[in-house]
Amino acid sequence: HLSTTPSAREGKIERLTVFGAGLMGAGIAQVGAQSGLKVVLSDVTDKALENGLNIIQKSLARVAKKKSPDDIEGFTSKILKNIETTTDAGKAVEQSDLVIEAIIESIKVKRDLFGFLDSKAKSDCIFATNTSSLSVTEIAESCSKERQEKFAGLHFFNPVPAMKLVEIIRTSQTSTSTYEALKEVTLRMNKSPVTCNDTPGFIVNRLLVPYLLESIRMVERGDATPEDIDTAMELGAGYPMGPFKLLDFVGLDTTSYISQGWRDKAEAGQISKELVQPIELLDKLVKEGKLGRKSGEGFYKVS
Ligand code: CAA
Ligand code: NAD
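Each value, and the rule that gives it
Residues numbered from 1 in each chain as written. Chains lettered and ligands numbered in written order. Predicted model: local features only at pLDDT ≥ 70, side-chain atom pairs only at ≥ 80, totals over all residues. Heavy atoms only, no water. Helix = DSSP H or I, 4+ residues; strand = E, 2+ residues; numbered from the N terminus. Rg over C-alpha atoms; globule rule 2.2 N^0.38 Å. Buried < 20%, exposed > 50% of the residue type's maximum accessible area, 1.4 Å probe, protein only. Contact = heavy atoms within 4.5 Å. Areas by Shrake-Rupley, 256 points an atom, 1.4 Å probe, with all protein chains shown as cover. Lys, Arg positive; Asp, Glu negative; His and termini not counted. Charge placed at Lys NZ, Arg CZ, Asp CG, Glu CD. Pairing = 2+ DSSP bridges. Right-handed = clockwise from strand over helix to strand, strands pointing away. Core = buried A, V, L, I, M, F, W, Y, C linked by side-chain atoms within 4.5 Å. Axes fitted to C-alpha atoms, helices over the stretch in contact; angles between N-to-C directions. Parallel < 35°, antiparallel > 145°, perpendicular 65-115°, else oblique. Domains from an automatic or database assignment. Buried area = accessible area lost by both parts, 1.4 Å probe. pLDDT = per-residue confidence, 0-100. Near = heavy atom within 4 Å. Polar contact = N/O pair within 3.5 Å; in protein donor to acceptor, adjacent residues only side chain to side chain. Nonpolar A, V, L, I, M, F, W, Y, C, P; charged D, E, K, R; others polar.

## Re the overall build of the chain
Per the secondary structure count, the chain includes 13 helices and eight strands. For 303 residues, the compact-globule formula gives about 19 Å, and the C-alpha radius of gyration of the chain, at 19 Å, lands near that figure. Taken along the three principal axes of its C-alpha coordinates, the chain extends 60 × 55 × 35 Å. In the chain, which comprises 303 residues, the proportion classed as buried is 49%. Within the chain, residue pairs in contact and separated by at least 24 positions form 70% of the contacts whose partners lie at least 6 positions apart. Carbon and sulfur atoms provide 52% of the accessible area of the chain, an area that totals close to 14,500 Å². Charge-centre separation for the chain: the mean point of 39 positive side chains lies 4 Å from the mean point of 41 negative side chains.

## Some words on the pairing of strand β4 (residues 98–101)
Each regular strand displays side chains that alternate between the two surfaces of the sheet. Every second residue of β4 is oriented toward a common face, with Leu98 and Ile100 on one face and Val99 and Glu101 on the other, all of them buried. Bridging between strand β1 (residues 15–19) and β4 involves four bridges; their strand directions are parallel. Of the residues in β4, the one forming a bridge with Phe19 is Glu101. The pairing of β4 with strand β5 (residues 126–129) spans four bridges and is classified as parallel. Note that in β5 the partner of Val99 across the bridge is Phe127. Since β4 and β5 lie parallel, the crossover through helix α5 (residues 107–118) that links them has a hand, and here it is right-handed.

## Quick notes on the nonpolar core
In summary, soluble globular proteins display a tendency toward joint burial of nonpolar side chains. Residues Leu16, Val39, Leu41, Leu98, Ile100, Leu154 and Phe156 are the most contacted members of the largest nonpolar core, which totals 37 residues. At six residues, the largest contribution of residues to this core is made by helix α1 (residues 23–34). Every residue in contact with Val39, bar those within four places of it in the chain, is listed here: Leu16, Val18, Ala29, Gly32, Ala33, Asn82, Ile83 and Glu84. Formed by 21 residues, the second largest nonpolar core is a distinct cluster that contains Val40, Phe114, Ala121 and Cys143.

## Considerations on the packing of helix α9 (residues 204–220) against helix α12 (residues 252–267)
Angle between the axes and distance between the axes are the two parameters that describe a pair of packed helices. The N-to-C vectors of α9 and α12 enclose an angle of 110°; their axes lie 11 Å apart at closest approach. Judged by the inter-axis angle, α9 sits roughly perpendicular to α12. In this structure, α9 uses Asn205, Arg206, Val209, Pro210 and Leu213 to contact α12, whose residues at the interface are Thr255, Ile258, Ser259 and Trp262.

## Notes on the domain arrangement of the chain
When the domains of the chain are assigned, the result is domain 1 (15–197) and domain 2 (206–293). Taken over C-alpha atoms, the centre of domain 1 sits 26 Å from the centre of domain 2. Facing the nine residues of domain 1 at the interface are seven residues of domain 2. Both sides of the domain 1 and domain 2 interface together cover about 680 Å² of buried area, and 62% of this is carbon and sulfur. Interface area lost by domain 1 to domain 2 is led by Glu105, Ser133 and Asn158, which between them contribute 53%.

## Side note on the confidence of the model for the chain
With 97% of its residues at a pLDDT of at least 70, the chain reaches an overall mean of 95. Note on residues 1–8: pLDDT under 50 across the span, and 21 contacts to partners over four residues away in sequence or across chains.

## Considerations on the site of ligand 1
Near ligand 1 there are 18 residues, and of these Ser59, Arg62, Lys66, Asn158 and Asn205 occur at the shortest range. Side-chain polar atom of Ser59 to a nitrogen atom of ligand 1: 2.6 Å apart, as the coordinates give it. The separation between an oxygen atom of ligand 1 and a polar side-chain atom of His155 is 2.8 Å. A total of 1,000 Å² of accessible area belongs to ligand 1 in isolation, and the protein chains cover 64% of it. Ranked by residues supplied to the shell around ligand 1, first place goes to helix α2 (residues 46–67) with four residues. Of the residues contributing to the shell around ligand 1, the split by class is 11 nonpolar, five polar and two charged.

## Re the pairing of strand β2 (residues 38–42)
The buried count for β2 comes to four of five residues, which makes it a mostly enclosed element. Handedness of the β-α-β unit built from β1, α1 and β2 comes out right-handed. Bridge analysis of β2 against strand β3 (residues 83–86) gives four bridges, and the strand direction is parallel. Looking across to β3, one finds that Ser42 is bridged to Thr86.

## Thoughts on the environment of Ile100
Mapped onto the secondary structure, Ile100 falls in strand β4. Residue classification places Ile100 among the buried positions, given a relative accessible area of 0%. In this structure the C-alpha to C-alpha distance between Ile100 and Thr17, which are 83 residues apart in sequence, comes to 6.3 Å. Not counting chain neighbours up to four residues away, the residues in contact with Ile100 comprise Leu16, Thr17, Val18, Phe19, Ile28, Ala128, Asn130, Leu154 and Phe156.

Pasting the structure below:
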């Protein structure tokens, strides 16, 4: 897996640009800012950026309650000072040392964004995708050969401020210095990195998503209710959230994109077909706009 032409990365990563101000992008921008990085958060509309800042403010208030109970306002505003926002994607990366993309789980949209950013960012800027399930290699191929050495997957978990894991995905082109720089920055963010090859779902989702999809099939078959399945997995298997609470938390649209994407991989023999058969109930909820917590309703209504 070692690249024969490792790129030279001398400086430490100080400036981070995050694309996508949704559930994940907001969390990544927040932990970046908390670790002292200068962060630019970018999305396509001002409304989306506002949504992201809202998520960050709520989460920071939670962190501040524990870390700085006597000065919640001071703690929060100090971290928020490290975050700028813009809808101008080109400007967002001009000075960046690291770009982390956390936009919609679509190979085309991700490739379009990285293809555009390749000529706008500094030549030593590292590009990383937070994709849940798409091929990092296929996304990286939207960029020049040189950039592909500075391209990797950096997969955070929801809720980013609370989950300690980050998966670092090396493609066959990712240079050792890029990998080391990513490892170093995730440690600075107080996360625990693990490494995985560029395989469908990497480590966590390869195991977690089939379980989530099978839980929906159980309900479709009428075997048990979502409430009872959640109680069973929480009290019987020690999971912090049952599968339906977790599906609502992750987003049913994101789950649906993952399983659609994997159907192509199943055709290519990279994952077994049974695991990713279409599920009517999931498709129906997504069509109705019931995407989970972020839209106010999924399997459960947000009270
Ligand atoms: N911002 C900041 N801190 C947060 C937070 C947030 N949004 N959410 C939780 N926390 C912190 C809490 O402040 C608390 O911190 P301390 O331990 O220091 O007190 C800690 O996290 C635990 O939170 P709570 O005590 O409030 O609640 P909990 O014990 O019920 O934990 C949870 C909440 C961490 C979300 C827990 O329910 C959990 O682990 N759920 C499962 C989450 C999971 O599996 N995520 C992975 C999803 S899959 C994925 O992300 C990959 C993909 O590609 C789809
Ligand atoms: P989300 O729907 O909450 O947010 C996506 C954001 O991306 C939206 O604000 C949208 O406006 C923005 N966006 C779309 N196209 C854009 C573009 N071209 N440029 C800039 N912004 C754009 O989604 P999310 O749950 O944060 O997921 C984002 C990524 O992270 C996906 O690839 C997903 O698979 C992955 N992921 C999700 C989870 C999860 O639990 N939800 C966990 C790990 C990884």
